[in-house]
Amino acid sequence: MTSPKPIVPADATPIRMTAAGILEVPDRPIVPFIEGDGTGPDIWRAAVRVLDAAVEKEFGGGKKIAWTEVYAGEKAKRLFDTWLPDETLEAFKTYLVGIKGPLTTPVGGGIRSLNVAIRQMLDLYVCLRPVRYFNGVPSPVKMPEKVDMVIFRENTEDIYAGVEWPAGSAEAQKLIGFLQNEMGVNKIRFPDSSGIGVKPVSREGSERLIRAAFDYALLHQRRSVTLVHKGNIMKFTEGAFRDWGYALAKREYAGRIVAWDDCGGRPEPGQVLLKDAIADIALQQVLTRPEEFDVIATLNLNGDYLSDALAAQVGGIGIAPGGNINYLTGHAVFEATHGTAPKYANLDKVNPGSVLLSGVMLLEHLGWTGAAGRIVRALEKTIGQKTVTYDFARLMEGATEVSCSEFGNRVIANL
Ligand SMILES: NC(=O)C1=CN([C@@H]2O[C@H](COP(=O)(O)OP(=O)(O)OC[C@H]3O[C@@H](n4cnc5c(N)ncnc54)[C@H](OP(=O)(O)O)[C@@H]3O)[C@@H](O)[C@H]2O)C=CC1
Ligand SMILES: O=C(O)CCC(=O)C(=O)O
Ligand SMILES: [Mg+2]
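As recorded in an unreviewed UniProt entry, the protein chain goes by the name Isocitrate dehydrogenase [NADP], listed as coming from Methylogaea oryzae. For the protein chain, the Subunit (unreviewed entry) comment in UniProt is given as "Homodimer."

What follows is the structure, encoded as structure tokens:
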């Protein structure tokens, strides 16, 4: 293979977004995919067969996705000596909607996250992570069915954006000098061994994320939106996020999104309640009082922690889907919440549920909701039959453990 340029099937055409913001989806849409590192190839192989089978069943051959491979991570490095070829980003830009497997990010040094880079470069400002319970899934909590939350995680800013310099570097020293000498930061200690990270949070970035959460809550008739923040401590970033959220509700959503203080916590029918919670107590309450949380809007790092923690409550990271979306341009790259789980790479073992459900989100995004619904029902049926991968089998009594690919087969049989 000589070039990372994607090979697009001749009969396929791109998805487009109209000037009115409507996605135009042809019957044979080009959808780029990244296989991913570690367990990525195993779960993708299993999931794509289910996605294709569901589309075939729903449309009787009238529609079919033209999956088009693009490269990133270890495979791109191996084949083309680059971690993230320009052609990959170009393909996601051109074809609008894609899907990816997990990509490895080394801890400490090494390359910066390719996952974060893709979100930043395509300006995919919403990380959408719905968390719901599927009947029969083993869970560590007593009433997992009470968890039905949709996380809107800001995806392009925050301390997560990777603006940081290592301890001892000239840049870190320069920034420390600037803080001490020009910004009057004299009350905290800055040993020479200090690394420095910067946490940018903008009004624009916060508002577009919170707007997406509000629109979703109204469209899907959800009960509430909770702004989760650490604004008591980080006043001008996390605190501002909260304040901008309340101000946005008043300015653009008056009478539809109503703040707790303005309705005593009792919105009229059809209205969505807006409240906020400080991140530390929120992490406790989503566990102890999950029914009080519905749609959640939060900053990048909080959303990362919250989405893994919530996934645990409904049976783990093996069925935790997600999507990175720019609602204004139509660009979207769907991906599982979990990572590469490297110890299981190429063992055909892990649960393909997260990437499969991310594919379900992709189908819903295309408006192919019938095919999406078929997969969800088949997945529930398969779990109900106690035919599951190792992660569920180790927690279920009387379960039959199957491989990743066999789980895919069983879901297809139940479509
Ligand atoms: N969006 C992305 O691409 C992401 C990438 N990453 C990257 O992935 C790498 C590994 O991260 P790590 O912290 O180990 O987290 P992982 O999510 O990769 O794995 C942690 C544990 O979660 C469980 N798990 C993960 N995937 C599945 C699955 N499909 N089915 C069942 N169980 C699963 C396994 O648990 P058990 O051991 O109990 O079986 C696994 O050991 C890092 O480089 C990280 O940066 C991390 C998150 C997201
Ligand atoms: O980019 C990574 O390696 C980790 C990202 C992550 O954990 C997430 O987005 O949930
Ligand atoms: Mg994460």
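This paragraph deals with the overall build of the protein chain. A tally of helices and strands in the protein chain yields 14 helices and 17 strands. Its C-alpha radius of gyration of 22 Å places the protein chain within 12% of the 22 Å reference for a compact globule of 415 residues. Considered along the principal axes of its C-alpha atoms, the protein chain spans approximately 65 × 55 × 50 Å. The 415 residues of the protein chain split such that 44% are buried.

All right, on to the site of ligand 1 then. Contacts to ligand 1 come from 18 residues, most closely from Pro102, Gly318, His338, Gly339 and Asn351. Split by residue class, the shell around ligand 1 holds six nonpolar, ten polar and two charged.

The contact between helix α1 (residues 40–59) and helix α12 (residues 369–384) brings their axes to 9 Å, and the two run at 125°. One way to sum up the angle between α1 and α12 is to call them oblique. The chirality of how α1 crosses α12 is right-handed. The residues of α12 that touch α1, namely those facing Val50, Ala54, Val55, Lys57 and Glu58, are Gly370, Ala371, Arg374 and Ile375.

Turning our eyes to something else, we now look at the site of ligand 2. Near ligand 2 the following residues occur: Thr105, Ser113, Asn115, Val116, Asp304 and Thr337. Among the residues making up the shell around ligand 2, the classes are represented as one nonpolar, four polar and one charged.

In the numbering used here, UniProt assigns the "binding site: Mg(2+)" (unreviewed entry) feature to Asp304. With respect to the helices and strands, Asp304 occurs in helix α10 (residues 300–313).

Right, let's talk about the pairing of strand β7 (residues 148–154) for a bit. The element β7 is extensively covered by neighbouring structure, given that six of its seven residues are classed as buried. Across seven bridges, the pairing between strand β6 (residues 126–132) and β7 is antiparallel. When the sheet's bridge partners are listed, Val131 is paired in β7 with Met149. Both β7 and strand β13 (residues 295–298) contribute to a ladder of four bridges, which runs parallel. Along β13, the bridge assignment pairs Ile151 with Ile296.

With that settled, consider the sheet that holds strand β3 (residues 30–34). Pairing within the open sheet is mixed, and its eleven strands lie in the order β4-β3-β5-β15-β14-β6-β7-β13-β10-β12-β11. Each edge of the sheet is formed by a strand with only one pairing partner; in this case those strands are β4 (66–69) and β11 (257–259). Neighbouring strand axes in the sheet, compared pairwise and without regard to direction, differ in orientation by 25° on average. Of the strands in this sheet, β6, β7, β10 (224–229) and β13 touch α10, which is tilted by about 155° from β7.

Mapped onto the elements, Val8 comes out in the segment before β1 (16–17). Counting along the chain gives 266 residues from Val8 to Leu274, while the straight-line C-alpha distance between them is 45 Å. When neighbours within four sequence positions are excluded, Val8 is seen to be in contact with Ile30, Ala66 and Thr68.

So, about the environment of Glu24. On the secondary structure map, Glu24 appears in strand β2 (residues 23–24). Each residue touching Glu24, except ones within four places of it in the same chain, is listed here: Ile15, Arg16 and Thr18.

Attention now moves to helix α6 (residues 203–219). Each α-helix turn comprises 3.6 residues. Residues three or four places apart therefore point the same way. For α6, spanning 17 residues, the distance from its first C-alpha to its last is 24 Å, which sits close to the expected 24 Å at 1.5 Å a residue. Residues of α6 that are buried: Gly205, Ser206, Leu209, Ile210, Arg211, Ala212, Ala213, Phe214, Tyr216 and Ala217. At the exit of α6 stands Gln221, carrying a positive phi of roughly 50°.

Procedures and definitions
- Residues numbered from 1 in each chain as written.
- Chains lettered and ligands numbered in written order.
- Predicted model: local features only at pLDDT ≥ 70, side-chain atom pairs only at ≥ 80, totals over all residues.
- UniProt positions renumbered as here; feature names shortened; annotations may be inferred.
- Helix = DSSP H or I, 4+ residues; strand = E, 2+ residues; numbered from the N terminus.
- Rg over C-alpha atoms; globule rule 2.2 N^0.38 Å.
- Buried ≥ 20, exposed ≤ 12 C-beta atoms within 10 Å, placed from the backbone.
- Near = placed C-beta within 6 Å.
- Nonpolar A, V, L, I, M, F, W, Y, C, P; charged D, E, K, R; others polar.
- Axes fitted to C-alpha atoms, helices over the stretch in contact; angles between N-to-C directions.
- Parallel < 35°, antiparallel > 145°, perpendicular 65-115°, else oblique.
- Left-handed = near helix turned anticlockwise from the far one by under 90°.
- Contact = placed C-beta atoms within 7 Å.
- Pairing = 2+ DSSP bridges.
- Expected span 1.5 Å × (residues − 1).

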